[in-house]
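Breakdown of the fold
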Amino acid sequence: MSFAGRTAAPVTLLVAARSAFAQGDSMAKSKFNLPPPVSEIGVQIYDMHTMMLIICLVIFVGVFGVMFWSVFSHRKSRGAVAANFHENTTVEIAWTIIPVFILLGMAWPATKTVLAMKDTSNPDITIKATGYQWKWGYDYLQGEGQGIRFVSNLSTPREQIEGKAAKGPNYLHEVDNPLVVPVGKRIRVLTTANDVIHSWWVPAFGVKQDAIPGFIRDAWFRADTEGIYRGNCAELCGRDHGFMPIEVHVVSQQAYTEWVANQLAASGENHPNPPIVTPTTRASAAREGAPQPAAAGGSKATE
């Protein structure tokens, strides 16, 4: 991460509040800033966000510094007499030209990032994400894993939701069937919806794309770090809008190949929604002392 990104953490507290709501595991590493990005687009968004906050901070300090200095130094008790003039051409030109250059400096990286976000060409894997009230359906359409499809539902126990049990660490941000993708691969996500408008949002990937009934929208990401990344539906979609989280497991290529073989084998045995077993879920189960389901291909292998 850039030096500017590390020094701007106190400034970003208010902006980070919304992202803190949506991010689970990775958010624990960044309490006062945006979630640590793990994709190329996410890094660009993070750095651009930091740069613009620094620009705004400099403008804020400069403007209010001059204002407070003027009020303090030219107060009546010191016998200051207000100047009487109508206009100043130099000042008017300066306060017009300088903001133009500031805006151009901000627009250039923003335009590059938006263009990069919209370039969904040459994906390694294409996945369709369909929003339902209130869950996500995933179809692997192209690339390794083609033909896999399943539905992802909130898995937080009802007892926790009703306040009858202590809330878990991933309260309302955990699902029964997480999306699984390989690390370092370009993933294209096609979004649509079956009923109302939803929005597929994973902050660590820098992806937020509306899912609109009757339309296909697309986005992409390439996660550079293995782990579990969480998000939410970011479009108000009805009563249980807050109960349709997104959970993505980024695993090694070999672990992904094993997962694909497991899912295709289970699908061939007429199991439309087999349990999703990944190296990360097995490790979590081991730490919590829960029974560990077997996954195809044995234990996690590294590249």
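1. With respect to the pattern of salt bridges
Overall, the coordinates contain 7 salt bridges when judged by the stated rule. Between Asp218 and Arg188 there is a salt bridge, with the nearest N and O atoms lying 2.9 Å from each other. In this pair, Asp218 sits in strand E8 (residues 217-221) while Arg188 sits in strand E5 (residues 187-193), placing the two residues 30 residues apart along the sequence. The class of Asp218 is partly exposed, set by a relative accessible area of 23%. The salt bridge involving Glu247 is made with Arg230; its shortest N-O contact spans 3.0 Å. Of this pair, Glu247 sits in strand E10 (residues 245-251) while Arg230 sits in strand E9 (residues 227-233), and the two are 17 residues apart along the sequence.

2. Examining the environment of Val181
With respect to the secondary-structure elements, Val181 resides in strand E4 (residues 179-182). Residue classification places Val181 among the buried positions, given a relative accessible area of 1%. Sequence separation between Val181 and His249 is 68 residues, and the spatial gap between their C-alpha atoms is 6.4 Å. Setting aside residues no more than four positions away along its own chain, Val181 makes contact with Ile127, Ile187, Phe221, Val248, His249, Val250, Val251 and Tyr256.

3. Thoughts on the sheet that holds strand E1 (residues 125-132)
Reading across from one edge, E3-E2-E1-E5-E8 is the order of the 5 strands in this open sheet, with mixed pairing throughout. Whereas interior strands pair on both sides, the edge strands pair on one side only; in this sheet they are strand E3 (149-152) and E8. With strand direction ignored, the average angle separating the axes of adjacent strands in the sheet is 25°. Where E5 meets E8, 5 bridges bridge the pair, whose relative direction is antiparallel.

4. Section: the pairing of E5
Within a regular strand, side chains alternate between the sheet's two faces. Of all the 7 residues making up E5, 6 are buried; the element is thus mostly covered by neighbouring parts of the structure. In this structure, E1 lies alongside E5, joined through 7 bridges in parallel fashion. Looking at the pairing, Ala129 lines up with Thr191 of E5.

5. Side note on helix H6 (residues 253-268)
Taking 1.5 Å as the rise per residue, H6 with 16 residues should run 22 Å; its terminal C-alpha atoms sit 22 Å apart, in good agreement. Among all positions of H6, only Gln253, Ala255, Tyr256, Glu258, Trp259, Val260, Asn262, Gln263 and Ala266 are buried.

6. A look at the packing of aromatic side chains
Throughout the structure, instances matching the rule amount to 10 aromatic pairs. When the centroid spacing of 6.2 Å and the interplanar angle of 40° are considered together, the rings of Tyr140 and Phe150 count as tilted. Of the two residues, Tyr140 sits in strand E2 (residues 135-142) while Phe150 sits in strand E3, which places them 10 residues apart along the sequence. Considered together, Tyr140 and Phe150 belong to a single accessibility category, that of buried residues. For the pair Trp200 and Phe221, a centre-to-centre distance of 6.4 Å together with 20° between the ring planes defines the contact as stacked.

7. Things to note about the confidence of the model for the protein
Mean pLDDT for the protein: 82, with 79% of residues reaching 70 or above. Across residues 1-28, confidence stays below pLDDT 50; counting only partners more than four residues off in sequence or on other chains, it has 57 contacts. Per-residue pLDDT stays below 50 along residues 281-303; that stretch engages in 34 contacts with residues further than four places along the chain or on separate chains.

Analysis parameters
- Residues numbered from 1 in each chain as written.
- Predicted model: local features only at pLDDT ≥ 70, side-chain atom pairs only at ≥ 80, totals over all residues.
- Heavy atoms only, no water.
- Salt bridge = Lys/Arg side-chain N within 4 Å of Asp/Glu carboxyl O.
- Helix = DSSP H or I, 4+ residues; strand = E, 2+ residues; numbered from the N terminus.
- Buried < 20%, exposed > 50% of the residue type's maximum accessible area, 1.4 Å probe, protein only.
- Contact = heavy atoms within 4.5 Å.
- Pairing = 2+ DSSP bridges.
- Axes fitted to C-alpha atoms, helices over the stretch in contact; angles between N-to-C directions.
- Expected span 1.5 Å × (residues − 1).
- Phe/Tyr/Trp six-rings, centres within 6.5 Å; stacked < 30°, edge-to-face > 60°.
- pLDDT = per-residue confidence, 0-100.

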